[in-house]
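# Reading the structure
Spelled out from the first residue to the last, the chains are:
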Amino acid sequence: MSKNIGILIGSLRKDSFNRKVAENMREMFDKSNHCEFVDITDLQLYNEDIDQGNPPASYSSYREKLSSFDAFLFFTPEYNRSIPAVLKNALDVGSRPYGKSKWDGKPAGIISVSPGAIGAFGANHHLRQCLTFLNMHPLQQPEMYIGNVTQILDDKGKINSEESIKLFKNFVSAFEKWIDKF
Ligand code: FNR
C-alpha cells in the first residue's frame, strides 16, 4: 500500500552525516511509497505564549505538512547523550495544540548516526521515549545505531559497501512492512 513518509533530520548542519545517510536510505524505499524531507530549519522555539489563537506561520505550515504523512522516519545525531534541541523542538511544536498532536497513532522509525563508536545509542533511546509518550509506534527491530559513520560513506556521501547497503535495506524493508500494518 502506498504511504506518505515524512523524514525528519535532527541536524541543521550543511554536511550532516545524518542527512547523508537519510539521502542514501530514501533511495532504498519501494517506489510506491512517497518519502519527503520535512524542513525544521525555521521553526521558532516552542513558546506557549505565541501559540494561542493565531500561531506563528512557521508552526502552522509545519503542522499542516505533518498532517499529510502516514508515517515518520527520524534520523538523530547525539548531542550530550541525548537528541539535539532542534529535533526536540520539532517534536514539541508538532505535539500542540493539546489534543491535536500530529504524531498521535503514527508509526515511526529511528536511526541514530554518529562519527563516534557507540552509534548515538543515548539519543536513539531518548527519542524512543518521546515517541512512545506521543503515542507513536516506533519500530522495535531491527534497531539502527550507526557508529563510526565516516567509515561507511565515500567522499561523495554514498554508502561504500555492499555489507552496509544490505543492513540499511533490511531496515527499510522491515519499516515498510511495519507501516503497512497501520
Ligand atoms: C556532539 N557530538 C556527540 N557525538 C556523540 O556520539 N555523542 C555525544 O554525546 C555527542 N555530543 C555532542 C554535543 C554537541 C553540542 C555537538 C555539537 C556534537 C558529535 C556529533 O556526533 C557530531 O557533531 C555529528 O557530526 C553530528 O551529526 P550530523 O550533524 O553530522 O548529522
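Only a predicted model underlies this, so the values are computations on that prediction, with no experimental measurement involved.

### Re the overall build of the protein
- On a plain count of helices and strands, the protein comes out with five helices and six strands.
- Ordering the α and β elements of the protein from the N terminus gives β-α-β-α-β-α-β-α-β-β-α.
- Relative to the compact-globule value of 16 Å for 182 residues, the protein shows a C-alpha radius of gyration of 16 Å, a close match.
- Counting only C-alpha atoms, the protein reaches 50 × 35 × 25 Å along its principal axes.
- Counting only residues that meet the buried cut, the protein has 32% of its 182 residues in that class.
- Across the protein, every contact between residues at least 6 apart in sequence was considered, and the portion connecting residues at least 24 apart equals 78%.

### What to know about the UniProt feature "domain: NADPH-dependent FMN reductase-like" (unreviewed entry) in the protein
- When the UniProt feature table is mapped onto this chain numbering, "domain: NADPH-dependent FMN reductase-like" (unreviewed entry) sits at residues 4–150.
- Its end C-alpha atoms 30 Å apart, residues 4–150 is made of 30% helix and 18% strand.

### Quick look at helix H1 (residues 17–26)
- Counting buried positions over the ten residues of H1 gives seven, a clear majority of the element.
- Where H1 is concerned, the buried positions are Phe-17, Asn-18, Arg-19, Lys-20, Val-21, Ala-22 and Met-25.
- As for H1, its buried residues are in contact with strand E1 (4–9), strand E3 (71–76), strand E4 (107–113), strand E6 (145–146) and helix H5 (162–180).

### Quick word on unusual backbone geometry
- Here Arg-96 and Pro-97 are connected by a cis peptide whose omega angle stands at 0°.
- Between Gln-141 and the following residue, Pro-142, the backbone shows a cis peptide bond with an omega angle of 0°.
- Turning to its location among the elements, Pro-142 is positioned in the loop between strand E5 (137–138) and E6.
- Its identity as a non-glycine residue notwithstanding, Asn-80 has a phi of 50°, on the positive side.
- Topologically, Asn-80 is positioned in the loop between E3 and helix H3 (85–94).
- Residue Asn-80 is classed as exposed on the basis of its 8 C-beta neighbours within 10 Å.
- In this structure, Ala-120 takes a positive phi of about 55° despite not being glycine.
- Inspection of the secondary structure puts Ala-120 in the loop between E4 and helix H4 (121–133).

### Notes on the nonpolar core
- With 38 residues, the main nonpolar core has Leu-8, Val-21, Phe-74 and Val-113 as its most contacted residues.
- Taken together, the elements giving at least two residues each to this core come down to E1, H1, E3, H3, E4, H4 and H5.

### Overview of the environment of Gly-157
- Relative to the helices and strands, Gly-157 is located in the loop between E6 and H5.
- Note on Gly-157: 15 C-beta atoms within 10 Å, which makes it partly exposed.
- Along the chain, Gly-157 and Met-25 lie 132 residues apart, while their C-alpha atoms are 12 Å from each other.

### Some details on the pairing of E3
- With six of its six residues buried, E3 lies for the most part within the structure.
- Residues Ala-71, Leu-73 and Phe-75 point to one face of E3 and Phe-72, Phe-74 and Thr-76 to the other, with burial holding for every one of them.
- Bridging between E1 and E3 involves five bridges; their strand directions are parallel. Looking at E3, one finds that Leu-8 is bridged to Phe-74.
- Across five bridges, E3 lies against E4 in parallel orientation. Residue pairing for E4: Phe-72 is matched across the bridge by Ala-108.
- Each parallel crossover has a hand, and the one from E3 via H3 to E4 is right-handed.

Rules behind the numbers
Residues numbered from 1 in each chain as written. Predicted model: local features only at pLDDT ≥ 70, side-chain atom pairs only at ≥ 80, totals over all residues. Helix = DSSP H or I, 4+ residues; strand = E, 2+ residues; numbered from the N terminus. Rg over C-alpha atoms; globule rule 2.2 N^0.38 Å. Buried ≥ 20, exposed ≤ 12 C-beta atoms within 10 Å, placed from the backbone. Contact = placed C-beta atoms within 7 Å. UniProt positions renumbered as here; feature names shortened; annotations may be inferred. Core = buried A, V, L, I, M, F, W, Y, C linked by C-beta atoms within 7 Å. Pairing = 2+ DSSP bridges. Right-handed = clockwise from strand over helix to strand, strands pointing away.

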